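If you want the building blocks of each chain, they are given just below.
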Amino acid sequence: MVLNYIWIGFFLIAFVIAVVKLVFMGDFEVFPAMMDATFSSSKTAFEISLGLTGVLSLWMGVMKIGEQGGVVNVLARLLSPVFTKLFPDIPKGHPVTGSIFMNIAANMLGLDNAATPLGLKAMEQMQELNPKKDTASNPMIMFLVLNTSGLTLIPVSIMVYRAQMGAAQPTDIFIPILLATFFSTLAGIIVTSLYQRINLINRTMLLTLGGACLLVAGVIRGFSQLDGELMNKVSTTVANILLMTIITGFIVAGVRKKVNVYEAFIDGAKDGFQTAVRIIPYLVAILVAIGVFRASGAMDMLIGMINDGVSLLGVDTQWVEAMPTALMKPLSGSGARGMMVDAMTTYGADSFVGRLSCVFQGSTDTTFYILAVYFGSVGVRHTRHAVNCGLLADLAGIIAAIAICYLFFA
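Residues numbered from 1 in each chain as written. Predicted model: local features only at pLDDT ≥ 70, side-chain atom pairs only at ≥ 80, totals over all residues. Heavy atoms only, no water.

Undergrad: What's the story with the packing of aromatic side chains in this structure? I'm lost.
TA: For any pair of aromatic rings, the description rests on two quantities: the centre-to-centre distance and the angle between the ring planes. Counted by the stated rule, this structure contains seven aromatic pairs. Seen in terms of ring centroids, Phe-15 and Phe-31 are 5.8 Å apart; in terms of plane orientation they differ by 70 degrees. Their pairing is edge-to-face. You can see Phe-15 sitting in helix 1 (residues 2-25) and its partner Phe-31 sitting in helix 2 (residues 30-68), a full 16 residues away along the chain. We classify Phe-15 as partly exposed; its relative accessible area is 45%. Residue class for Phe-31 comes out partly exposed when judged on its relative accessible area of 28%. Between Phe-352 and Tyr-406, the ring centres sit 4.9 Å apart and the planes meet at 55 degrees, which makes this aromatic pair tilted. Here Tyr-406 lies in helix 18 (residues 386-409) and Phe-352 lies in helix 16 (residues 352-363), a separation of 54 residues in the sequence. On the basis of relative accessible area, Phe-352 is assigned to the buried category, the value being 7%. (Phe/Tyr/Trp six-rings, centres within 6.5 Å; stacked < 30°, edge-to-face > 60°. Helix = DSSP H or I, 4+ residues; strand = E, 2+ residues; numbered from the N terminus. Buried < 20%, exposed > 50% of the residue type's maximum accessible area, 1.4 Å probe, protein only.)

Undergrad: I keep staring at the nonpolar core and nothing clicks. Help me out?
TA: Generally speaking, soluble globular proteins have nonpolar side chains that are buried together. By size, the foremost hydrophobic cluster in this structure holds 100 residues, and its most contacted members are Leu-86, Ile-100 and Phe-143. At 10 residues, helix 18 tops the list of elements feeding residues into this core. Setting aside residues up to four positions removed in sequence, Leu-86 forms contacts with Met-142, Leu-146, Ile-189, Ile-198, Leu-200 and Met-205. The next biggest cluster of nonpolar side chains, apart from the first, holds six residues, and it includes Val-30, Met-34, Val-288 and Val-292. (Core = buried A, V, L, I, M, F, W, Y, C linked by side-chain atoms within 4.5 Å. Contact = heavy atoms within 4.5 Å.)

Right, dumping it as structure tokens:
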């Protein structure tokens, strides 16, 4: 519903601005430019979707091998001590803990097809423990915030889009996204724990969060000692090594489990092909709307207003051009994806704006969509502090993304 209003708004605002330009400024080029934008944007959307088919099939096939090879189960067991501290209201040994662990692990590995059913199952099981069926419980909210904070280890789709848009090194945003989404998730955990009075000062959480913070601080400090060119080379090399190690590890895990890795890969690749075809109408819809919005001059006006406001504060404004992606992400994943593609098309995939828009896309998740789907599935109407915590996590991810991109790409 939100995306429906946004989509309509793009066209109506663009039309009004175009009429004003025509009537009061004598701009006879604005309407032809808007129509040209509809054709060029729809062509771009189809070309991107077509180009995604092969790479998505590859990665979905690899992910299927990892899923059947037990990687998700292993990750769930490793996360178990941490999540029992974050969900103190869930009885020890309750089956819902398994669904929670599996959902988070699947999200971290980018297994969206596995994550969503597991998430809905977890919500149903938590609803059984919920004394007020129309009101979100504490475990539900913590679970939702962990999902909306966007924690992921492998931002496959973003790297695929960068490859399609001609990036020299599509994987150069791998480590920046990993760092930004870490800060988003950390902020979400802390804020939600404060709301719910969960004590994070215990041995397990201090070791986990403290160790993660030290690791991230070490990565940032290490990269800050390098010059820009060397930083890009090291970041890209490390990212490619990690990704290749993950692919090889998934295959080895499949072999150890005596999985027919070839058949598993084919099954996953079929899902990748279907996904690529399925997103065509969504990508056409949002890119055409954005193209018309930009051709009318509305996008320039919006960016100009934000830029003027930031300039008054006396800070650098280079990051402002990427803000449409950040502003759209909590509302719509496909909308933010369209903004990201538009930024790379307009400014270049390897520009600061193009890279920052990709990091924005990967640092958080679609807060309102996730809240609507997960709470709607169990009939929860009163979400309590879920929206506040989710949006604060998004804000932390946006701030972290800007700072990290200045460190890596400015």
